[in-house]
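The chain contents come next:
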Amino acid sequence: MTMEFLSWLENTEFCTWIRGSGSIWAYPLILTLHTTGMGILVGFNWALDLRVLGVARQIPVLAMEKFFRVMWIGFWVNLITGIVLLAADATTKMTSWVFGVKMLFIVLAMIVLIRMKKKVFTNPGVLRKSAGGLPVSAGPKMQTSRTSLQAVVVLEQSLDGETQFEPANAKVLAVLSLVFWALAITAGRLMAYLGPQTGIK
Amino acid sequence: MWNELLIFSKWLETTRLSHLMAGGWKWGWPTCETLHFIGLSMLLGCIGVVDLRMLGVGKRMPCAPVHKLVPWAVAGFLINAITGVLFFIGAPHQYIKNVAFLFKMLFLVVAGLNILLFYATGMLKRVEAIGPGEDAPTGAKVISAVSIFSWIMVLYWGRMLPFVGNAF
């Protein structure tokens, strides 16, 4: 990618409008959506991390799977608004090392999120292992009347939430998730103070 | 009242803390901004899980343990209250004349009264009895919807500060 392309990109009619029109529907709206998406993606991810680390451990962790959809909404909102914000300030942002650091931590945090989903929510091995320690009488009866996933949720609740659900590994992922997102937010904020700047916040 | 606010703001600007925030300590403002965004995410995420559960998302969760996330939302709020006050001390004039700041405070009050309503009407007790798969009462759903809306409005008007009233 050459400087000419970036320069062309940020001087397209659309990008000029986003950056310089002063319209409340241009830069301010995109930026607000970007902040809201951040709050949703990072916030819900943090709530999940806290649960995996043992906060509110009576929440059946599998029931939190629904929030992955919420997190993905936040992700897509931020990918789209992020591309617009990047295009509008392309020559500066693409040459900023702080922006690079931000992208690095976002990619790492998303990899951790996907690993977490695999580990805690869709890895049948983990589920079987957790159900294995239960009284034999309780196991099969439940599994005939419900799907195995629901059975595990019910069993988990019957254990009064004291789950051995999350392997130590999942806790490591949770800590990494907390840290990577905090660093991504920090780098994102510091883009206005470190590295090349155009004064656009 | 307005005059008192102006005098108070003028006095604030003479304080050492104000000088530090306004550039005396180069990293004061950026550090607080970063913490403000981290607090925002904690608040929105933790209160979001609670509110969405009451609205029916992730209904397999019983409500009582979900409310154990509230202290973490409060922690996020406290981070933001402290850093927010520091912003105000650093540059009071850019806020007191800013209509976006007024709206932000307004929705902060709405969000606060909404929480007060939740606890004062005994809604918490009713909600904590809700088991997995059960619906929350309509009143709780209304409070949850108002909560999500008002916090996003707080965020929106906060983000508008530089654009509506030239705050930085």
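Since this is a predicted model, take the numbers as computed values, not measurements.

### Brief notes about the overall build of chain B
- Each helix and strand in chain B was counted, giving nine helices and zero strands.
- Shown N-terminal to C-terminal, the secondary structure of chain B runs as helices and strands in the order α-α-α-α-α-α-α-α-α.
- With respect to the three principal axes, the spread of C-alpha positions in chain B is 55 × 35 × 25 Å.
- The buried share of chain B, taken over its 168 residues, is 38%.
- Look at the contacts in chain B between residues 6 or more apart in sequence, and 81% of them connect residues 24 or more apart.

### Considering unusual backbone geometry
- Even without being a glycine, Ala56(A) presents a positive backbone phi close to 50 degrees.
- Turning to its location among the elements, Ala56(A) is positioned in the loop between helix H3 (27-52) and helix H4 (67-88).

### Re the interface of chain A and chain B
- Between chain A and chain B, the contact holds 34 residues from the first and 30 residues from the second.
- Of all the elements in the fold, those that place two or more residues in the side of chain A that touches chain B are H3, helix H9 (148-158) and helix H10 (168-190) of chain A.
- Top element by residues in the side of chain A that touches chain B is H3(A). It accounts for 14 residues.
- Here the side of chain A that touches chain B is built from residues that sort into 22 nonpolar, nine polar and three charged.

### A closer look at the confidence of the model for chain A
Residue and element names in this part refer to chain A.
- In this model, chain A carries an average pLDDT of 81, and 76% of its residues clear a pLDDT of 70 or more.
- Note that residues 127-146 has pLDDT below 50 and, in this model, 18 contacts with residues that lie over four places away or in other chains.
- Note on residues 157-164: pLDDT under 50 across the span, and eleven contacts to partners over four residues away in sequence or across chains.

### So, the packing of helix H2 (residues 13-20) of chain A against H4(A)
Residue and element names in this part refer to chain A.
- Where H2 meets H4, the axes come as close as 9 Å, and the angle between the chain directions of the two elements is 95 degrees. As far as their axial angle goes, H4 and H2 are roughly perpendicular. Counting all contacts with H2, which are made through Cys15, Ile18 and Arg19, the residues of H4 involved are Val84, Ala87 and Ala88.
- The residue makeup of the contact of H2 with H4, split by class, is five nonpolar, no polar and one charged.

### Side note on the packing of H3(A) against helix H3 (residues 28-55) of chain B
- Running from N to C, H3(A) and H3(B) cross one another at 65 degrees; their axes reach a closest spacing of 7 Å. Relative to H3(B), H3(A) is oriented roughly perpendicular. Read as a crossing pair, H3(A) and H3(B) show a hand that is right-handed. Judged by residue contacts, Met38(A), Gly39(A), Ile40(A), Val42(A), Gly43(A), Phe44(A), Trp46(A) and Ala47(A) of H3(A) engage Leu40(B), Ser41(B), Met42(B), Leu44(B), Gly45(B), Cys46(B), Gly48(B) and Val49(B) from H3(B).
- Tallied by class, the residues present in the contact of H3(A) with H3(B) amount to eleven nonpolar, five polar and no charged.

Definitions and limits used
- Residues numbered from 1 in each chain as written.
- Chains lettered and ligands numbered in written order.
- Predicted model: local features only at pLDDT ≥ 70, side-chain atom pairs only at ≥ 80, totals over all residues.
- Helix = DSSP H or I, 4+ residues; strand = E, 2+ residues; numbered from the N terminus.
- Buried ≥ 20, exposed ≤ 12 C-beta atoms within 10 Å, placed from the backbone.
- Contact = placed C-beta atoms within 7 Å.
- Nonpolar A, V, L, I, M, F, W, Y, C, P; charged D, E, K, R; others polar.
- pLDDT = per-residue confidence, 0-100.
- Axes fitted to C-alpha atoms, helices over the stretch in contact; angles between N-to-C directions.
- Parallel < 35°, antiparallel > 145°, perpendicular 65-115°, else oblique.
- Left-handed = near helix turned anticlockwise from the far one by under 90°.

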